[in-house]
Amino acid sequence: MAVNSKKIAVYVLVVFVLYVIITDPKKAAGYVEIGFEGISNAAQSVGDFMTWVADGAKN
């Protein structure tokens, strides 16, 4: 039963994404930009943390 629920959830998500892309491509591009900025910021934060740890966790 859980597998069917996952398949339905993925299907609904894909349909929603396609709907947003088809109906308003500029808004969809904005969402993608926001997503990539978030990923970039997260990667930068992880890099900063690892640098801090490698430096001996000094303040």
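Just above sits the structure.
Residues numbered from 1 in each chain as written. Predicted model: local features only at pLDDT ≥ 70, side-chain atom pairs only at ≥ 80, totals over all residues. Heavy atoms only, no water.

Brief notes about the overall build of the chain
Per the secondary structure count, the chain includes two helices and zero strands. At 19 Å, the chain has a C-alpha radius of gyration far larger than the 10 Å of a compact globule built from 59 residues. For the C-alpha atoms alone, the extent of the chain along its principal axes is close to 50 × 35 × 10 Å. The buried share of the chain, taken over its 59 residues, is 3%. For the chain, the accessible surface area stands at approximately 5400 Å², while carbon and sulfur atoms represent 71% of it. (Helix = DSSP H or I, 4+ residues; strand = E, 2+ residues; numbered from the N terminus. Rg over C-alpha atoms; globule rule 2.2 N^0.38 Å. Buried < 20%, exposed > 50% of the residue type's maximum accessible area, 1.4 Å probe, protein only. Areas by Shrake-Rupley, 256 points an atom, 1.4 Å probe, with all protein chains shown as cover.)

A few points about the environment of A42
For A42, the location among the structural elements is in helix α2 (residues 25-54). You can call A42 partly exposed: its relative accessible area is 41%.

Focus: the packing of aromatic side chains
Applying the stated criterion across every chain, the model contains one aromatic pair. With a centroid separation of 5.9 Å and an interplanar angle of 35 degrees, the aromatic rings of F49 and W52 are classed as tilted. Of the two residues, F49 and W52 are both situated in helix α2; the distance of three residues between them amounts to about one turn of the helix. The exposure class assigned to W52 is partly exposed, which follows from its relative accessible area of 36%. (Phe/Tyr/Trp six-rings, centres within 6.5 Å; stacked < 30°, edge-to-face > 60°.)

Description of the environment of V20
Take V20: it is sitting in helix α1 (residues 2-23). Apart from the residues within four sequence positions on either side, V20 is in contact with P25, A28 and Y31. (Contact = heavy atoms within 4.5 Å.)

Observations regarding a nonpolar patch on the surface
Together, V10, L13, V14, F16, V17, L18, Y19, I21 and I22 make up an exposed nonpolar region whose accessible area comes to about 920 Å². Residue position: F16 is located in helix α1. (Patch = residues over 30% accessible without salt bridge, like charges linked within 9 Å, V, L, I, M, F, W, Y side chains within 5 Å. Salt bridge = Lys/Arg side-chain N within 4 Å of Asp/Glu carboxyl O.)

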